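# Summary of the model geometry
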Amino acid sequence: METLKRRKFIGMAVAAAGALTVGSVGGLSLNAFSAETNDNVHLKPFLFSQILLPYPYNALEPSIDALTMEIHYTKHHATYIKNVNEAITAENLSYANAAEFFAHSTGMSPKARNNAGGAWNHNFFWASMAPSSGLTEGKLMKAIEGAFGSIDTFKAEFSKAALGQFGSGWAWLISDKGKLKIVSTPNQDNPLMDNVSVKGTPLLAIDVWEHAYYLKYQNKRNEYITAFWNVVNWKEVEKRLV
Ligand code: MN3
């Protein structure tokens, strides 16, 4: 018993000494960190990365064909990611995240801005779709009905914006300080960029560049937009509504 107590005491003493050592080391590294911060040490800048496609290339058939998905993801999107990260390095762009990056898009080089938009927009677009769709009762349906009157009216107005976007671009459902709005943007611009006329939190997007539909739908953008409604990931859209 006596031996056990002594051992226990020794063990505690070692633990206490260990704690003290750790504390000292912690104190030292904290001081070192403060010094680094004061010297304005360059932090690693935010780089864009491509999300893993949340479903196989053929998962959205027949609405979106597998070959279009594969080329769109592996060629178009991958290239935007590669190019924006090249621009970030070459131009020494140092932002903490995508939101901060886009808040400074005015004055950026076309390479940085366009490819950043392409990188982010496609990640958002892939996650906006799913093999099985279906909008059920909930806060999203309420918000859409409140803003547009009905789901059908919303779909009609969103489709009109997508169809009416001249040339390449995107149509978006956004929340502008809690108010739902439909906007469209040219090229790879998005509603997070400080240069766009109506900014807001993106909730849903459709890519209306020809590369998004031409293999299957050719010039019939309207048929692609109609098919898009079959694969909208409403659960994801609802999650984005805060
Ligand atoms: Mn695209």
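Provided above is the structure to which this section pertains.
Perfect tetrahedral coordination of a metal by four donors corresponds to 109.5 degrees between them, and perfect octahedral coordination by six donors corresponds to 90 or 180 degrees. In this structure, H72 (NE2), H122 (NE2), D207 (OD) and H211 (NE2) serve as the protein donors to the manganese ion, at separations of 2.0 to 2.2 Å. Expressed as a motif, the donor residue spacing for the manganese ion is H-x49-H-x84-D-x3-H. Taken together, the residues span a long stretch of sequence, with H72 in helix α2 (residues 66–90) and H211 in the loop between β3 (201–207) and α7 (214–217) at a distance of 139 residues. Here H72 matches H211 in class, with each residue buried.

Across all of its chains, the model carries 25 aromatic pairs by this definition. Between Y213 and Y224 the ring centres are 5.0 Å apart and the planes differ by 20°, which places this aromatic pair in the stacked class. Placement of the pair is Y213 in the loop between β3 and α7 and Y224 in helix α8 (residues 221–228), with a sequence separation of eleven residues. One exposure class covers both Y213 and Y224, and it is buried. Taking the ring centre of Y217 as reference, the NZ or CZ of K216 above it sits at 5.6 Å. Of note, R240 hangs over the ring of F124, and the distance from its end group to the ring centre comes to 3.7 Å.

It is worth spelling out the pattern of salt bridges at this point. Overall, the coordinates contain seven salt bridges when judged by the stated rule. In this structure, D189 and R113 form a salt bridge, with 2.9 Å as the shortest nitrogen-oxygen distance. A residue pair is termed long-range when its members are at least 10 positions apart, and D189 in the loop between β2 (179–186) and β3 and R113 in helix α4 (residues 110–127) qualify at 76 residues. By relative accessible area, R113 is classed as partly exposed at 24%. Linked by salt bridges that have partners in common, K82, E86 and K111 make up one network.

On to helix α6 (residues 151–164), then. For α6, built from 14 residues, the straight-helix expectation of 20 Å at 1.5 Å per residue is met to within 8% by its first-to-last C-alpha distance of 20 Å. Three or more residues of α6 are buried, namely I151, F154, F158, S159, A161 and A162. Projected onto a plane normal to the axis of α6, the buried residues spread over an arc of 160° and lie on a single side. Looking at α6, the residues exposed on the side facing more than 90 degrees away from the buried face are D152, K160 and G164. In this structure, the buried residues of α6 make contact with α5 (139–148), β1 (169–176), β2, β3, α8 and α9 (234–240).

Quick look at the environment of E61 now. By secondary structure assignment, the location of E61 is in the loop between α1 (2–38) and α2. When the C-alpha atoms of E61 and V231 are compared, they prove to be 9.3 Å apart, with 170 residues separating the residues in sequence. A distance of 2.9 Å separates a polar side-chain atom of E61 from the backbone nitrogen of A66.

Of the strand pairs in this sheet, β1 and β2 are connected by eight bridges, and their pairing is antiparallel. Residue pairing across strands places G169 opposite P186, the latter belonging to β2. The antiparallel hairpin formed by β1 and β2 contains two residues in its connecting segment, where K177 sits at a positive phi of about 50°.

Each value, and the rule that gives it
- Sequence order as written defines the numbering, with residues in each chain counted from 1.
- Whole-chain, interface and lining totals are the exception, using all residues; otherwise, since this is a predicted model, local features are given only for residues with pLDDT of at least 70 and side-chain atom pairs are given and counted only at 80 or more.
- Hydrogens and water are ignored here; the side-chain numbers use all heavy atoms of the structure.
- Each metal's donors comprise the N, O and S atoms found within 2.8 Å of it (within 3.2 Å for Na, K or Ca). Water is not part of the atom list, so some coordination spheres may appear incomplete.
- Here a helix means four or more residues in a row that DSSP labels H or I, a strand means two or more in a row labelled E, and each is numbered from the N terminus.
- We call a residue buried when its accessible area falls under 20% of the maximum for its residue type, exposed when it is over 50%, and partly exposed in between, using a 1.4 Å probe and counting protein chains only.
- Only Phe, Tyr and Trp rings are paired, with Trp represented by its six-membered ring, and only when their centres lie within 6.5 Å; those with planes under 30 degrees apart are stacked, over 60 edge-to-face, the remainder tilted.
- The rule is short: NZ of Lys or CZ of Arg within 6 Å of the ring centre and within 35 degrees of the ring normal puts a charge over the ring.
- We count a salt bridge whenever a side-chain nitrogen from Lys or Arg sits within 4 Å of a carboxyl oxygen from Asp or Glu.
- To estimate the expected span of a helix, subtract one from its residue number and multiply by 1.5 Å.
- In this description, one arc is meant: the one made by directions from the helix axis to the C-beta atoms.
- The contact rule is simple, with two residues in contact once any of their heavy atoms fall within 4.5 Å.
- Whenever a nitrogen or oxygen atom comes within 3.5 Å of another N or O atom, the pair is scored as a polar contact, on the condition that within protein one atom can donate a hydrogen and the other can accept it, and that pairs from neighbouring residues in sequence are kept only if both atoms are in side chains.
- Two strands qualify as a pair provided DSSP detects at least 2 bridges between them.

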